Amino acid sequence: MKLKKNILCIGAGYVGGPSMAMIAYKCPDYRVTVVDINGDRIDAWNSDNLPVYEPGLEKIVKKTRGNNLFFRKDIENQIKENDIIFVSVNTPTKTYGAGADMAADLQYVEKTARQILKYSRSSKIVIEKSTLPVKTALAIEKILSSSKGRIKFDVLSNPEFMAEGTAVKDLENPDRVLIGSRETKSALNARNQLIEIYARWIPLKKIITSNIWSSELSKLVANAFLAQRVSSINSISALCEKTDADITEVAKAVGMDSRIGDKFLKAGIGFGGSCFKKDILNLAYLCEYYGLNEVASYWKSVIKINQYQQDRFIANILHRMFGTLAGKKICIWGFAFKADTSDTRESPAIYVAKKLIAEQAEIIISDPQAMKNAVSDLADSKGTIRYVEDPYEAASGCHAILILTDWDLYRKMDFRKIYRSMVKPAFIFDGRNIIEREKCFDIGFNVYSIGKSALSHI
Ligand code: UDX
Ligand code: ADP
């Protein structure tokens, strides 16, 4: 069979890996190659132990890898040989210089653009897949057109909207695919080539096009709106705790208004993940850059509420456990920023764990997929930390359990058995509102949920 298109992706991370695996899976006649400067990551993608945990991902990688999906280290060659190049490198929040703690750090994107320029021997379509501040495509275009050769580059924006934990499902059946481009003949031709790829499995009405700046900005704004809903419901959870209203009931009643909808109304310890905080800060930075200070402070307040929610959670633990955690054993169930992922980037669990260590508690961490990441997140912490994969064993001998990730497994635990193994009075702080709280209360636990009245025997 003749392979119809050669596609390259630079960056084999949480976005690049799964999204390219899906293209390879859906387009068996395309040759899809993924490269990364991190050789260990490439080795992991080529092994039985993929660097990213996502339900369903292993199956599609196993089916395609070595047939039409390749993970390679020879970046230079691959740039030469491929004419369609996705850029999916990291864009973390800048930690230094102008815009520190807010703006996106574009050094990896810029380096990638320079690499593409350096090694290209023929015209290319360069597609931004990483989440980038509006107008980044202009910088990429300027770099790519800086040498006066005959090689032509068309830059497109194609942000990835999939969420972690549901990546395969989202990639297979996205709400929409967005492609931003210039209006020139060659840019429109490039856009059509990209549409052709997605049209293999996505209905055309879900593939939308826009100008390139709208596309870049839409990704930041979509994340900001989602995060804003989580902060809105979390702010109301604090009010529920003061008034004996129940956040789950409030969210249900509010969410049934079809104009509002029921998604992203789950109160908890606050949002984490690689996108929300970074993208809102980035959006606020852009607003400040354009002199829109009120708009910037509005979006920053979404992050403030997120921080407030985590501080509130910790303050409540301290208050309920008689004002001291020193020497107490606290079990943390769940370290990933959400269920079904091994990713712990910006996970509220990191902040909570560090605060508990500062209170001189002994912490025992358990997570079905994120243990390796937890160990590296807390590598610099100088407290007593144990890592125990089995949640029963982790809780045994503890004073309290904190549920920090909504893994399904924690709903189904044998709480009677766990209660017997713990120090009394035993506490559960359910930071995700997932357990059957009355049942646990009847067993003997003191149960504290988010946005619900306390169930306390003491
Ligand atoms: C998000 C966007 O959803 C996705 O479209 C974008 O491409 C990347 O950023 P992701 O960070 O993977 O995806 O996860 P998401 O499901 O959005 O959850 C983000 C955080 O919000 C998690 O910590 C989650 O636990 C929290 N959350 C989400 C809530 O606390 N309550 C909710 O109701 C929903
Ligand atoms: P995301 O969640 O957006 O996928 P990740 O941090 O998981 O972000 O992945 C980005 C990947 O991009 C990392 O594996 C990193 O090593 C890779 N990367 C960064 N810069 C370059 C570069 N110049 N060339 C190749 N890969 C790069």
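1. Quick look at the site of ligand 1
Line of reasoning, step 1. Residues in contact with ligand 1 amount to 19 residues; listed here are only the nearest, F161, E164, F337, K338 and R432.
Line of reasoning, step 2. For ligand 1, an oxygen atom lies 3.4 Å from a polar atom in the side chain of N223.
Line of reasoning, step 3. Within the backbone of K266, a nitrogen or oxygen atom sits 2.8 Å from an oxygen atom of ligand 1.
Line of reasoning, step 4. Contact with the protein chains covers 90% of the free accessible surface of ligand 1, which is 660 Å².
Line of reasoning, step 5. Top contributing element to the shell around ligand 1 by residue count: helix α9 (residues 212-243), with four residues.
Line of reasoning, step 6. Taken together, the residues of the shell around ligand 1 sort by class into 11 nonpolar, two polar and six charged.
Line of reasoning, step 7. Among the domains, domain 1 (5-202) and domain 2 (230-458) are the pair contributing at least three residues each to the shell around ligand 1.

2. Thoughts on the pattern of salt bridges
Line of reasoning, step 1. Counting across every chain of the model gives 24 salt bridges.
Line of reasoning, step 2. Here K5 ties to E196 by a salt bridge, and the two come within 3.2 Å at their closest N and O atoms. Residue K5 is found in strand β1 (residues 5-10), and its partner E196 is found in helix α8 (residues 185-198); the two are separated by 191 residues along the sequence.
Line of reasoning, step 3. A relative accessible area of 45% means that E196 is categorised as partly exposed.
Line of reasoning, step 4. The partner of D83 in a salt bridge is K124, and the shortest N-O contact between them spans 3.3 Å.

3. Some words on the pairing of strand β2 (residues 30-35)
Line of reasoning, step 1. Burial within β2 is extensive, with five of its six residues counted as buried.
Line of reasoning, step 2. Bridge analysis of β1 against β2 gives six bridges, and the strand direction is parallel. Its bridge partner being in β2, K5 is matched across the sheet by Y30.
Line of reasoning, step 3. Crossover connection from β1 via helix α1 (residues 16-26) to parallel β2: handedness right-handed.
Line of reasoning, step 4. Sheet topology places β2 next to strand β3 (residues 69-72); four bridges connect them, and they run parallel. From the neighbouring strand, T33 faces β3, where its bridge partner is F70.

4. Here's the deal with the side chain of S381
Line of reasoning, step 1. On the secondary structure map, S381 appears in the loop between α14 (371-377) and β11 (385-387).
Line of reasoning, step 2. When near neighbours in sequence (up to four residues on either side) are disregarded, S381 contacts K354 and I357.

5. Focus on the domain arrangement of the chain
Line of reasoning, step 1. Segmenting the chain into domains produces domain 1 (5-202) and domain 2 (230-458).
Line of reasoning, step 2. Computed from C-alpha coordinates alone, the two centres of domain 1 and domain 2 are separated by 33 Å.
Line of reasoning, step 3. Of the residues lining the interface, 21 residues belong to domain 1; the matching set on domain 2 comes to 22 residues.
Line of reasoning, step 4. Each partner contributes to the roughly 1600 Å² buried at the junction of domain 1 and domain 2, and carbon and sulfur atoms together form 54% of this total.
Line of reasoning, step 5. Along the contact surface separating domain 1 from domain 2 lie one salt bridge.
Line of reasoning, step 6. When the shortest N-O distance is used, the salt bridge between R345 and E164 registers 3.5 Å.
Line of reasoning, step 7. The interface formed by domain 1 and domain 2 contains six residue pairs in polar contact (both at pLDDT 80 or more).
Line of reasoning, step 8. In terms of residue class, the side of domain 1 that touches domain 2 is made up of 12 nonpolar, five polar and four charged.

6. Section: the packing of α1 against helix α3 (residues 57-64)
Line of reasoning, step 1. Relative orientation of the contacting elements α1 and α3 amounts to 55°, with a least axis distance of 9 Å. Comparing their axes, α3 and α1 come out oblique. Every pair of crossing elements has a handedness; the one defined by α1 and α3 is left-handed. Facing α1, whose interface residues are P18, A21, M22, A24 and Y25, α3 presents L57, K59, I60, V61, K63 and T64.

7. Concerning the environment of S231
Line of reasoning, step 1. Along the chain, S231 turns up in helix α9.
Line of reasoning, step 2. Overall, S231 belongs to the buried group, its relative accessible area being 5%.
Line of reasoning, step 3. In the structure, S231 is positioned 110 residues away from T341 in sequence and 22 Å away in space, judged by C-alpha atoms.
Line of reasoning, step 4. Sequence-distant contacts of S231, defined by excluding residues within four places in its chain, comprise F271, V302, I305 and N306.

8. Regarding the packing of aromatic side chains
Line of reasoning, step 1. Using the criterion set out here, one finds 15 aromatic pairs in the structure.
Line of reasoning, step 2. Considering the side-chain rings of Y298 and W299, the 5.0 Å spacing of their centres and the 80° angle between planes classify their relative orientation as edge-to-face.
Line of reasoning, step 3. Residue classification places Y298 among the partly exposed positions, given a relative accessible area of 42%.
Line of reasoning, step 4. Seen in terms of ring centroids, Y419 and F445 are 5.1 Å apart; in terms of plane orientation they differ by 70°. Their pairing is edge-to-face. Remark: F445 occurs in the loop between α17 (437-443) and β14 (446-449) and Y419 occurs in helix α16 (residues 415-421); sequence separation between them is 26 residues.
Line of reasoning, step 5. Grouping aromatic residues by their ring pairs yields a cluster made of W333, Y410, F415, Y419 and F445.
Line of reasoning, step 6. We note K135 situated over the ring of W213; from NZ or CZ to the ring centre the distance is 4.4 Å.
Line of reasoning, step 7. A cation sits over an aromatic face here: R176 above F161, 3.5 Å from the ring centre.

Rules used throughout
- Residues numbered from 1 in each chain as written.
- Chains lettered and ligands numbered in written order.
- Predicted model: local features only at pLDDT ≥ 70, side-chain atom pairs only at ≥ 80, totals over all residues.
- Heavy atoms only, no water.
- Near = heavy atom within 4 Å.
- Polar contact = N/O pair within 3.5 Å; in protein donor to acceptor, adjacent residues only side chain to side chain.
- Areas by Shrake-Rupley, 256 points an atom, 1.4 Å probe, with all protein chains shown as cover.
- Helix = DSSP H or I, 4+ residues; strand = E, 2+ residues; numbered from the N terminus.
- Nonpolar A, V, L, I, M, F, W, Y, C, P; charged D, E, K, R; others polar.
- Domains from an automatic or database assignment.
- Salt bridge = Lys/Arg side-chain N within 4 Å of Asp/Glu carboxyl O.
- Buried < 20%, exposed > 50% of the residue type's maximum accessible area, 1.4 Å probe, protein only.
- Pairing = 2+ DSSP bridges.
- Right-handed = clockwise from strand over helix to strand, strands pointing away.
- Contact = heavy atoms within 4.5 Å.
- Buried area = accessible area lost by both parts, 1.4 Å probe.
- Axes fitted to C-alpha atoms, helices over the stretch in contact; angles between N-to-C directions.
- Parallel < 35°, antiparallel > 145°, perpendicular 65-115°, else oblique.
- Left-handed = near helix turned anticlockwise from the far one by under 90°.
- Phe/Tyr/Trp six-rings, centres within 6.5 Å; stacked < 30°, edge-to-face > 60°.
- Lys NZ or Arg CZ within 6 Å of the ring centre and 35° of its normal.

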